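Summary of the model geometry
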Amino acid sequence: MKFILLGLFIGVLLYSGYSSMAKVRSIGDFFLAGRALGPWLSAFAYGTTYFSAVVFIGYAGKVGWSFGLSSLWIVVGNALLGSFLAWLVLARRTRLMTERLGAMTLPEFLEARYHRRAMKICGALLIFIFLVPYSASVYMGLSYLFNRVFGLPYLYAALIMCLFTALYLVMGGYRAVAVTDVIQGAVMLGGAGILLYYVLAAPQVGGLAEGIGKLAQLDPGLVSAAGPGNRWPALASLVLLTSLGPWGMPQMVQKFYAIRDEAAIRPAMWVSTVFALIITFSAYFTGSLTRLFFDKLPVDPATGKATPDLLMPMLIERALPEPAAAVILLLVLSASMSTLSSLVLVSSSAVAIDLVQDLWPGAKKRGVLIMRLLCAAFIALSL
């Protein structure tokens, strides 16, 4: 069952990349889909890029284990600050200004807005260098899950993910990413509901009220507003980091560049907010229940060290039947592939558009080819 679902998912990705390839005639088509995306495509592109395997595998387990139900403040922050307010404040202004200035990338915008060429070069270098470890962390979380669900060696799982990311992205660019984001978003929403159902129904939890009661018996701090030890400063920093951080992430801001017009912004804002609320609640609420399944942090057999990164994969393995676990695998895979493709696009554009074309004007004739080559190079660096 899980191999069939995985095969179907990969087939959809590759078909999307192939069918979008004929529509890519310029670097603007490859990077921004011609600035012609409607509200649903834009909203799902934003939401699926926002939440990746890092949230479901890393943050949900680690934060839920440490803070209990108080981690749900992150849900509120991500929905209201990271999604609703970001669209309200940034979307219209960013769309209008970047079109007026003729900017396709964040470094191009900085140069055009402040008339400083050094800002473009510095911005491009920062984006390319520092998004490599971000991308690598997504591959790491995804590979942990593949290792638990499929029994694949960690390295093989990472290699497979890199290969399929490269294939569908290099073919279709952002248009292929946006089309598959709607499908991936639907998978994420369905998977979120399945995850909550089976975890709450597990004997270790026994339903919503009983699960909260069991957490309170373990440690009353796990059901308090500030978590064990009244850790408001640490909790507030996590809310701000995960909610306001995306405002400055180039792969998030790029979604506003590509939206079709002002009329599409308001419906996209509401769709992305509801999407964020559902996805983050399922992740962090499930993560807060991990203490009912484990007495201590699981040990990574590869390193021999205890790690919170294995909490969610092992919880899924224990609490969900195989078909449901396969859907959750697709949930995490969907979140990861969308985030990865956006990271790769933005990072490769930082070199192809902001550096190569700046230093070698003749490169504009080969802009799409250079972007495709740099996408493949960035994926290799992340691996």
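Thresholds, definitions, all that
Residues numbered from 1 in each chain as written. Predicted model: local features only at pLDDT ≥ 70, side-chain atom pairs only at ≥ 80, totals over all residues. Heavy atoms only, no water. Helix = DSSP H or I, 4+ residues; strand = E, 2+ residues; numbered from the N terminus. Rg over C-alpha atoms; globule rule 2.2 N^0.38 Å. Buried < 20%, exposed > 50% of the residue type's maximum accessible area, 1.4 Å probe, protein only. Lys, Arg positive; Asp, Glu negative; His and termini not counted. Charge placed at Lys NZ, Arg CZ, Asp CG, Glu CD. Expected span 1.5 Å × (residues − 1). Salt bridge = Lys/Arg side-chain N within 4 Å of Asp/Glu carboxyl O. Phe/Tyr/Trp six-rings, centres within 6.5 Å; stacked < 30°, edge-to-face > 60°. Lys NZ or Arg CZ within 6 Å of the ring centre and 35° of its normal. Core = buried A, V, L, I, M, F, W, Y, C linked by side-chain atoms within 4.5 Å. Contact = heavy atoms within 4.5 Å. 1 Å grid on protein atoms, 1.4 Å probe; cavity = no way out; pocket = protein on both sides within 12 Å on 5 of 7 lines; lining within 4 Å. Points joined across faces, edges and corners; volume = space filled by probe spheres on them. Nonpolar A, V, L, I, M, F, W, Y, C, P; charged D, E, K, R; others polar. Axes fitted to C-alpha atoms, helices over the stretch in contact; angles between N-to-C directions. Left-handed = near helix turned anticlockwise from the far one by under 90°. Patch = residues over 30% accessible without salt bridge, like charges linked within 9 Å, V, L, I, M, F, W, Y side chains within 5 Å. Areas by Shrake-Rupley, 256 points an atom, 1.4 Å probe, with all protein chains shown as cover.

On to the overall build of the protein chain, then. Counting its regular elements, the protein chain contains 15 helices and two strands. Relative to a compact globule of 383 residues, whose C-alpha radius of gyration would be 21 Å, the protein chain shows 21 Å and is just as compact. Taken along the three principal axes of its C-alpha coordinates, the protein chain extends 65 × 40 × 35 Å. Per-residue burial for the protein chain yields a buried fraction of 56% across its 383 residues. Mean positive and mean negative side-chain charge positions of the protein chain (28 and 16 charges, respectively) differ by 6 Å.

Further remarks concern helix H12 (residues 265–288). With 24 residues, H12 extends 34 Å between its outermost C-alpha atoms, agreeing within 8% with the 34 Å of an ideal straight helix rising 1.5 Å per residue. Most of H12 sits out of view: 17 of its 24 residues are buried.

Now for the pattern of salt bridges. Inspection of every chain in the model, using the stated rule, returns five salt bridges. Arg95 is the salt-bridge partner of Glu99, the closest N and O atoms lying 3.0 Å from each other. With Glu99 and Arg95 both in helix H5 (residues 72–101) and four residues apart, this pair spans about one turn of that helix. Judged by relative accessible area, Arg95 falls into the buried class, the value being 5%. Among the ionic pairs, Glu210 bridges to Lys214, the shortest N-O distance being 3.5 Å. With a gap of four residues between them, Glu210 and Lys214 both fall in helix H9 (residues 208–218), about one helical turn apart.

Throughout the structure, instances matching the rule amount to 12 aromatic pairs. With 5.7 Å between their ring centres and 25° between their planes, Tyr46 and Phe256 make a pair best called stacked. You can see Tyr46 sitting in helix H3 (residues 39–50) and its partner Phe256 sitting in helix H11 (residues 250–258), a full 210 residues away along the chain. A single burial state applies to Tyr46 and to Phe256, both of which are buried. Summarising the aromatic geometry, the rings of Phe128 and Phe378 are spaced 5.7 Å apart at their centres and angled 70° between planes, so their arrangement reads as edge-to-face. Of the two residues, Phe128 is situated in helix H7 (residues 117–150) and Phe378 in helix H15 (residues 367–382); the sequence distance between them amounts to 250 residues. Residues Phe128 and Phe378 agree in their burial class; the two are buried. Cluster of aromatic residues (ring-pair linked, three or more members): Tyr46, Tyr50, Phe51, Trp87 and Phe256. Directly above the aromatic system of Phe67 lies the positively charged group of Arg231, at a separation of 4.4 Å from the ring centroid.

Moving on, we get to the nonpolar core. Counting 115 residues, the largest nonpolar core has Trp87, Phe146, Phe293, Leu320 and Leu333 as the members making the most contacts within it. The greatest single-element share of this core, amounting to 20 residues, is contributed by helix H14 (residues 322–359). When residues no more than four places from it in sequence are discounted, the contact partners of Leu333 are Leu6, Phe9, Leu142, Phe146 and Met161.

Under the counting rule described, the total for this entry stands at two cavities of 30 Å³ or more. Estimated volume of the second largest cavity: approximately 30 Å³. Lining the second largest cavity, in full, are Phe56, Ile57, Leu195, Met312, Ile316, Ile328, Leu331 and Val332. Sorting the residues of the lining of the second largest cavity by element identifies helix H4 (53–67), helix H13 (311–319) and H14 as the ones contributing at least two each. Per-element accounting of the lining of the second largest cavity gives the leading share, three residues, to H14. Of the residues contributing to the lining of the second largest cavity, the split by class is eight nonpolar, no polar and no charged.

Time to look at the packing of H5 against helix H10 (residues 232–244). Look at H5 against H10: their axes get within 8 Å of each other, and the N-to-C directions meet at 35°. The handedness of the crossing between H5 and H10 comes out as right-handed. Residue-level inspection shows Trp73, Ile74, Gly77, Asn78, Leu81 and Gly82 of H5 in contact with H10, the latter providing Trp232, Leu235, Leu238, Val239, Thr242, Ser243 and Leu244. Here the residues of the contact of H5 with H10 are counted per class, giving eight nonpolar, five polar and no charged.

Another aspect to go through is the environment of Leu81. By the element assignment, Leu81 lies in helix H5. Considered as a pair, Leu81 and Val239 are 158 residues apart in the sequence and their alpha carbons are 9.2 Å apart. Once you skip the residues sitting within four places of it in the chain, Leu81 turns out to touch Val76, Ala86, Ser243, Leu244 and Trp247.

A surface patch of nonpolar side chains, amounting to about 580 Å² of accessible area, comprises Met140, Tyr154, Leu155, Tyr156, Leu159 and Leu383. Sorting elements by how many residues they give to the nonpolar patch places helix H8 (residues 154–201) first, with four residues. On the secondary structure map, Met140 appears in helix H7.

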